Amino acid sequence: MVPFQLVYSDGYYLPIGPHVFPAEKYRRVRDRLIETGVAESSDFLTPEPADDRDILLVHTPEYVRKLATGTLSAQEEMELEIPFSPELVRAFWLAAGGSILAAKCALQNGVSINIGGGFHHAFPDHGEGFCMIHDVGVAIRTLQAGGKIRTAMTVDTDVHHGNGTAAIFGNDASVFTLSIHQENNYPMPKPPSDEDIGLEDGTRDHDYLDALEVGFLRALKKVTPDLIFYIGGADPYREDQLGGLALTIEGLQKRDRLVFEHARRRGIPVASTLAGGYARRVADTVRIHVNTIVAARDVLLQQIPAGN
Ligand SMILES: [Zn+2]
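Residues numbered from 1 in each chain as written. Predicted model: local features only at pLDDT ≥ 70, side-chain atom pairs only at ≥ 80, totals over all residues. Heavy atoms only, no water.

Could you clarify how one ought to interpret the pairing of strand S3 (residues 111–114) in this entry?
Side-chain direction in a regular strand flips from residue to residue, so the side chains alternate between the two faces of the sheet. Residue alternation in S3 divides its side chains into two sets, Val111 and Ile113 and Ser112 and Asn114, and both sets are buried. Two strands pair when backbone bridges link them, and strand S1 (residues 5–7) and S3 are joined in this way by three bridges, in the parallel orientation. Pairing of Gln5 across the sheet is with Ser112, part of S3. Inspection of the sheet shows S3 paired to strand S8 (residues 270–273) by three bridges, in the parallel sense. Each bridged residue has a counterpart across the sheet, and for Ile113 the counterpart in S8 is Ser272. (Buried < 20%, exposed > 50% of the residue type's maximum accessible area, 1.4 Å probe, protein only. Helix = DSSP H or I, 4+ residues; strand = E, 2+ residues; numbered from the N terminus. Pairing = 2+ DSSP bridges.)

Structure, rendered in C-alpha cells:
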C-alpha cells in the first residue's frame, strides 16, 4: 500500500500497433505494482477523460476540432509519429484527465502519480513525438483556472527536451519550466525552458545527479511553486533505444528520490507522470517507472527535517 493515490485506467493503452513506444507499459506498471506488493488495488483511482473546456485552456480550437473530426493533414499526422484514430484521441483525453486528477490528489496528500501521461512534446496547435495532447499543461491550467493553485513548476527528466512545455509556458511567469535532457537529441530546435540542462552524450549517474540537483536547487531559490509536476521519463536509461545518456536503473531511482526529497523538505506537493521509455527490454522500462512510485513512497514515509 502506498501513502498516496495512484491514477490509472486501462484506457491509457495507445492503439498504435507495433511501435517503438511500448503502449502496454501502463498496464504492466500497474500489474507489477500489485504483484510486488508495492500497491493494492484500493490505491488506484480511475480518471475520466478531460473536459474539452480544460483541453482548450492549452490547445487551440482549430487543433481540437481537427482531432475531434479526424481531419489532421498527412504532414500533421507524420509529425505526431503515431497513427491517428478516434480511439487514440480518447486515450489522450483520458491521460489529460488522469493528470488533472493526480494534480488534485497531490494537493491533498503531498504526492500523487499518474501511471500515464507526460506528453511533453505536444504544442497548443499541433502534436509531435508521440504526444497529441499536453496532459501536464492541461492539468496546470485547469487547476489555475479553478483557483486551486496560482503557480507551478515542471521538472522534466525525460531524456528528450520538454519543447511543448517550454512553448506553452514560455511567456508565463506563473509556471517555471525545468528540463534536463540530452542536448544532442530530438527535439531540434529546443525552445527555451526557464532552466535548461543540456547534457552531453553518454552522461552517467554521478554527473547527471549533480547537474539535476544544482539546477533544481537553483530553480527552487527563484520560485516556490504551489505544485511541482515531475515528468519522470524512463529514457535516460543507458539501454534506451531513443536516448543517448548512460544512467543505470539505480541512478534513475536516485534521480526520483532527489526530486521527491527536495520538494518534500519544502512542503511542495508533487504530481508525477511517466513520459517516455524505450528500453530494449520493456521489463526494464516498467521497472524504472515502478521505482518512481517506490521512491515517492519511501520519501513520504521517512522523516525529513525541514530546510535543505
Ligand atoms: Zn523521451
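Right, picking up where we left off after that structure.
Whenever I open this one, the nonpolar core confuses me. Can you help?
The nonpolar side chains of soluble globular proteins are, as a tendency, buried together. Within the largest apolar cluster, 101 residues are counted, with the highest numbers of intra-cluster contacts made by Leu6, Leu33, Ile115, Ile133 and Ile293. With twelve residues, helix H5 (residues 86–109) is the largest single contributor of residues to this core. In this structure, Ile293 is in contact with Val2, Phe4, Leu6, Val29, Leu33, Val38, Ile113 and Ile115, ignoring residues within four places of it in sequence. (Core = buried A, V, L, I, M, F, W, Y, C linked by side-chain atoms within 4.5 Å. Contact = heavy atoms within 4.5 Å.)

In this structure, what is going on with the coordination of the zinc ion? I would like to understand it.
Under ideal tetrahedral coordination, the four donors around a metal are separated by 109.5 degrees; under ideal octahedral coordination, the six donors are separated by 90 or 180 degrees. Summarising the metal site, the zinc ion is bound by the protein donors Asp158 (OD), Asp158 (OD), His160 (ND1) and Asp235 (OD), whose distances to it range over 1.9 to 2.8 Å. Site description for the zinc ion: donor spacing in sequence, D-x1-H-x74-D. Here the residue His160 occupies a position in the loop between strand S4 (152–156) and helix H7 (163–169), and Asp235 occupies one in the loop between strand S7 (228–231) and helix H9 (249–265), the gap between them amounting to 75 residues. With a relative accessible area of 6%, His160 lands in the buried category. (Donors = N, O, S within 2.8 Å, 3.2 Å for Na, K, Ca; no water.)

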